[in-house]
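Read off the chains here:
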Amino acid sequence: MIKVTINGKEIELEKPVTVLEAARSAGIKIPTLCYHEQLEKYGGCRLCLVEVEKIPRLQTACTLMVTDGMVVRTETPQIADVRRGILEFLLINHPLDCPYCDKAGECELQDLVEKYGPAKGRYKEKKRKAPESLEDPVIVRNMERCIMCTRCVRMCEGVQGAAAIAVIDRGGHSHVEPFSGGKYDCEYCGNCVSVCPVGAIMSRLHRHSYRPWQVKEKTETICPYCGVGCTVVAQVRDDSIKRVIPKIGSAVNNGMLCSRGRFGYEFVGSSERLTSPMIKKNGVLEQATWEEAISLTAKRLGEIKNKYGGSSIAGIASPRCTNEDNYVFQKFMRVALGTNNIDSTARTGYAGTQKFIENIFGQGATANIISGLSNSDSVLVIGGDPTAINPILGLQIRACSRKGGNILAIGHVKGLEKFNPITVSPRFYTEAVLLEGIVSALKNKKGLSGSIPALEAKIKDINTSAKEVENGCGIAEKDFIRFTDTLSESLTPGIVLGKEIAQSSGGSYKLMLISAINYLMNARIYLLSERANEQGLLDMGCAPDLLPGYRPLSFAEFRKRYESAWKSSISEKPGLSIFEMVDSAKSNALKAIYIMGENPVFNLPDSKAVKTALKNVDFIVVQDIFLTETGKLADVVFPSLSWAEKEGTFTNMERRIQRLRKAVNREGMEDWRIVSEVAKNMGVNLNYSGAEAIFQEISRISPLHRDLTYEEIGKGGAIYPYKGEPLRGVMEDIQMHKGSSVNPDGKLYLRLERPLFHSGTLSTKAPALVKIYPEAVAGISPAIGEALSLRAGDMVKVSTRAGSLELPVNIDNKLDNLSVMLTNNFEDKGAFSLMEYTVDPVTKAPVIDANEVKLEKVRA
């Protein structure tokens, strides 16, 4: 135990910390400007100077470590005089524009000058002048206000890992500037904005629109975009979100945000939001009352059920809706409509991948704490760029590299290229050969433990040498050996897996190989998740073969549990997957479909065929916040509430359950309430007083969520396996499908780009994100551009068997010479409109990697 006395107060510490940290732990405030909790110690501003007995000179509290018996004084006349002098120096060039500056009211410099002075400046020279930079669409820089604390630079380089800004010039001419010049060319995380203590770097989204003291509500909630589940604080004035900021100390993101989380909230106040229900009359959607829309929905669903049976109706749940919304929705489908035909877009990769892996390793095998990646000694990345799909998770991989860990990547991972990854890039359609080689090498080096005989039986049949990898994949034997040696020497490895694997030819076979690598390395595996509640909707039973608690529908004991609780029978027959629903619609077997918070016409591959199939369905119901492509086909459209307008919970990719809290008010109903009203009109009682009442029912009947409460979740205690019962000892045969071989010679293939700045079409309703990434582009390599005489910005016709689009060209020197990259985010310009698919028979995920594409320059 270390004892230190600060300002006469004795403090006991269990471990050595800085004087500043010791003081703060005792509630003693020492002023700082360059110090920040998230950054390395710097000691640059000198405002934290303190007196220490037996040390003749003043010491910086932010760098000095405490020792047993140390006596410190933080407020003396000498210290106050020094601080006053430092502040006077800072004010030599700092403009006195507080009434105009947006930082006024939360400016750290302003607060310190108010406390320590000086009352007036003694310097008569002219202040340094620098024009305010408005060249960037999202971030405004005013270098006249900069105090050179370098917080922003240290955040960008040392924590974010982007190294996009630096101190330019020297002495009195020093200023912070992006390497790209006036406009930022970076990840737009905005974390530099968070740490700036003055008004030098600020967001343009709320510029001159309010003052900090005018914020009436600050609501802690969860980001609505990806599956990381970052804690954010929504600052509200006049029922409008003015700013979203991170929360320092939060378990998942600890004060960090990505571009979507920080700048993507504006869709909540969009003028394009749906405001009233609509009913299709004579082929045209017209506004209707809630009573009319609910009554018609209940009537038509009841008629179709009575005439064709529950199997003729299907439901699509949403990974953007809460656990409570999804629980009520699947209960409605099973109890009111008598069908297990319920699925979601998690089927495009996440659901099948998780089921495959957890079948081998047990439930919870993918529920690993994100921050653990930073403490791994190696991280293997395959199937996607984590820094774009789940940016905050990507930061943990970067942190692993900074701590001396090895980053290994299969294929090029743009967001990790500055962190010295050991990369192997196999030729197209040879990933399985590479994975077989890795399994063979690890098996020979590490042996088999005998823990999972079924998987070991598969591993024993795999024997691919380094030379075979070289011949098959084009990877030099020495590079392959270095790669596998690094993997085999790892003691605390992690594997980060994206859905590109599940969406590739032979996806389930590759998942078996990755599972074998995970087994041989004794690694922790992380599944990248593109939507906020992808895990939660599966745990709520929104799958054709699952019940709440991630319990298999096929087990009679689980069905009986829910039948008893719901007082309704549940069919033992698994329902249709989302792609089987499309096939059923094509054949006219599907008569009605209820879609909650999802847009399958845009978010499923071969979207034109999906649209044609849904046109065959007799009755379509859609709940959403915008009138989507799917909504335009619907017979009834309900306007639902967004993430910021309702209470509930999300479950992130760690399986951590977190509270979603209402930040703003809006007329309308939550998704679960709309479904409950429809059920009520069908004679089925699904009445709940609120979201908490729904979760209370979940915690009563779901073995996984047993006895869990909102209070515990709010305190951050809902970490898997909670207080529940994970499913153990249930393993089916390991099935896999190798897929058909493809010869890519001389062909181009359409690939799905998953951009950092967008998520589905939701982000395109956020003006700030559209300013950063404004339109769909066809990404090609310089070699393809040269062969077709294409330059950046030229228009090109992108054609596949499914259709064609005309798009501007983007030249990317990191792309290979066989790929054309296109996002699936922009209306009428989505990659899925050009992608046909087959379905992997094991994971039920779409295989989309064999879409040949042709490019033709569009003449002006």
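For the structure, see preceding data.
(A) Expanded view of the overall build of the protein chain. For the protein chain, the count of helices and strands is 26 helices and 36 strands. Taken against the 2.2 N^0.38 rule, which gives 29 Å for 860 residues, the C-alpha radius of gyration of the protein chain at 29 Å falls within 12% of a compact globule. Seen through its C-alpha atoms, the protein chain measures out along the principal axes to roughly 90 × 70 × 70 Å. Here the protein chain holds 860 residues, and the buried ones make up 61% of them. Counting contacts in the protein chain only where the partners sit at least 6 residues apart, residues at least 24 apart contribute 71% of the total. Per element, the accessible surface of the protein chain, about 34500 Å² overall, is 48% carbon and sulfur.

(B) Region of interest: the sheet that holds strand 16 (residues 342-343). Strand order in the open sheet formed by 7 strands is 14-13-26-25-24-15-16, and the pairing between neighbours is mixed. Among the strands making up the open sheet, the edge pair consists of strand 14 (284-287) and strand 16. Note: strand 24 (residues 592-596) against strand 25 (residues 619-624), 5 bridges, orientation parallel. Bridge pairing in strand 25 places Met596 opposite Gln623. Helix 7 (residues 290-308) contacts strand 13 (278-281), strand 15 (313-316), strand 24, strand 25 and strand 26 (636-639) of the sheet and is inclined by roughly 135° relative to strand 26.

(C) Layout of unusual backbone geometry. Of the consecutive residues Gly117 and Pro118, the connecting peptide bond is found in the cis state with omega at 5°. Positionally, Pro118 belongs in the loop between helix 3 (108-116) and strand 6 (139-141). Residue Pro721 is bonded to the preceding Tyr720 through a cis peptide linkage, with omega at 10°. Counting through the fold element by element, Pro721 comes out in the loop between helix 24 (710-714) and strand 29 (748-753). Positive phi is not limited to glycine here, since Asp238 has a value of about 50°. With respect to the secondary-structure elements, Asp238 resides in the loop between strand 11 (231-237) and strand 12 (240-246). By relative accessible area, Asp238 is classed as exposed at 67%. Even without being a glycine, Asp828 presents a positive backbone phi close to 65°. With respect to the element layout, Asp828 can be found in the loop between strand 33 (819-823) and strand 34 (838-839).

(D) Summary view of the packing of aromatic side chains. A full pass over the atoms with the stated rule returns 18 aromatic pairs. With a centroid separation of 6.3 Å and an interplanar angle of 80°, the aromatic rings of Tyr225 and Phe267 are classed as edge-to-face. Here the residue Tyr225 occupies a position in the loop between strand 10 (217-222) and strand 11, and Phe267 occupies one in the loop between helix 6 (259-263) and strand 13, the gap between them amounting to 42 residues. With relative accessibility at 1%, the residue Tyr225 sits in the buried group. Note on Phe555 and Phe558: the rings are 5.6 Å apart at their centroids and 25° apart in plane angle, and the pair reads as stacked. Relative accessible area serves as the criterion here: at 10%, Phe558 is assigned to the buried category. Every member of this aromatic cluster is reached through a ring pair, and the members are Tyr184, Tyr188 and Phe757. The side chain of Lys738 reaches across the aromatic face of Tyr509, ending 4.8 Å from its centre.

(E) Focus on helix 9 (residues 350-361). Given a rise of 1.5 Å per residue, 12 residues ought to cover 16 Å, and the 16 Å separating the end C-alpha atoms of helix 9 matches this to within 8%. Those residues of helix 9 lying buried are Tyr350, Ala351, Gly352, Thr353, Gln354, Phe356, Ile357, Glu358, Asn359 and Ile360. Looking at the buried side of helix 9, the elements it contacts are helix 13 (453-460), strand 20 (493-497), helix 16 (507-521), strand 21 (524-527) and helix 17 (534-539). In the segment just after helix 9, Gly362 is the residue with positive phi, at about 100°.

(F) Quick look at the sheet that holds strand 17 (residues 378-382). Ordered in space as 19-18-17-20-21, the 5 strands form an open sheet in which the pairing is parallel. Lying at the two open borders of the sheet, with one neighbouring strand each, are strand 19 (422-424) and strand 21. Mean inter-strand twist for the sheet, computed between neighbouring axes without regard to direction, equals 15°. Two elements, strand 18 (residues 406-410) and strand 19, share 3 bridges in a ladder whose sense is parallel. If you follow Leu408 over to strand 19, its bridge partner there is Ile422.

(G) Spatial organisation of the nonpolar core. Ranked by size, the top nonpolar core spans 250 residues in total, and within it Ile201, Ile241, Phe332, Leu393, Ile438, Ile593 and Tyr594 carry the most contacts. Counting 23 residues, the second-largest nonpolar core is a separate cluster that includes Ile2, Val4, Ala22 and Ala61.

(H) The arrangement of the pairing of strand 1 (residues 2-6) in detail. Here strand 1 shows one buried face, formed by Ile2, Val4 and Ile6, and one open face, formed by Lys3 and Thr5. Looking at chain direction, strand 1 and strand 2 (residues 9-13) are connected through 5 bridges and run antiparallel. Bridging from a neighbouring strand, Ile6 pairs with Lys9 of strand 2. Between the antiparallel neighbours strand 1 and strand 2 lie 2 residues, among them Asn7 with a positive phi of about 55°.

Cut-offs applied
- Along every chain, residues carry numbers that run from 1 in the direction the sequence is written.
- It should be noted that, the model being predicted, local features are given only for residues of pLDDT at least 70 and side-chain atom pairs only at 80 or more, the latter also being counted only at that level, while totals for whole chains, interfaces and linings use all residues.
- Excluded from the side-chain calculations are hydrogens and water; all other atoms, namely the structure's heavy atoms, are used.
- Here a helix means four or more residues in a row that DSSP labels H or I, a strand means two or more in a row labelled E, and each is numbered from the N terminus.
- We compute the radius of gyration from the C-alpha atoms alone; for a globule the expected value is 2.2 Å times N to the 0.38, where N is the number of residues.
- Exposure classes here rest on a 1.4 Å probe applied to the protein chains alone. A residue is buried below 20% of its type maximum, exposed above 50%, and partly exposed in between.
- Residue contacts follow a heavy-atom distance rule, with two residues in contact if any of their heavy atoms lie within 4.5 Å.
- All accessibility values rest on the Shrake-Rupley procedure with a 1.4 Å probe; residue burial counts only the protein chains present in the view.
- A strand pair is defined by DSSP finding two or more bridges across the two strands.
- For helices, the fitted line uses only the C-alpha atoms of the stretch in contact; every axis is such a line through C-alpha atoms, and the angle between N-to-C directions lies from 0 to 180 degrees.
- Note on aromatic contacts: the rings of Phe and Tyr and the six-membered ring of Trp form a pair at centre separations within 6.5 Å, being stacked when their planes are under 30 degrees apart, edge-to-face when over 60 apart, and tilted otherwise.
- Our definition puts a charge over a ring when NZ of Lys or CZ of Arg is within 6 Å of the ring centre and also within 35 degrees of the ring normal.
- Here, expected helix span is obtained from the residue count minus one, scaled by 1.5 Å.
- Put simply, a nonpolar core is a bunch of buried Ala, Val, Leu, Ile, Met, Phe, Trp, Tyr and Cys residues held in one set by side-chain atoms that sit within 4.5 Å of each other.

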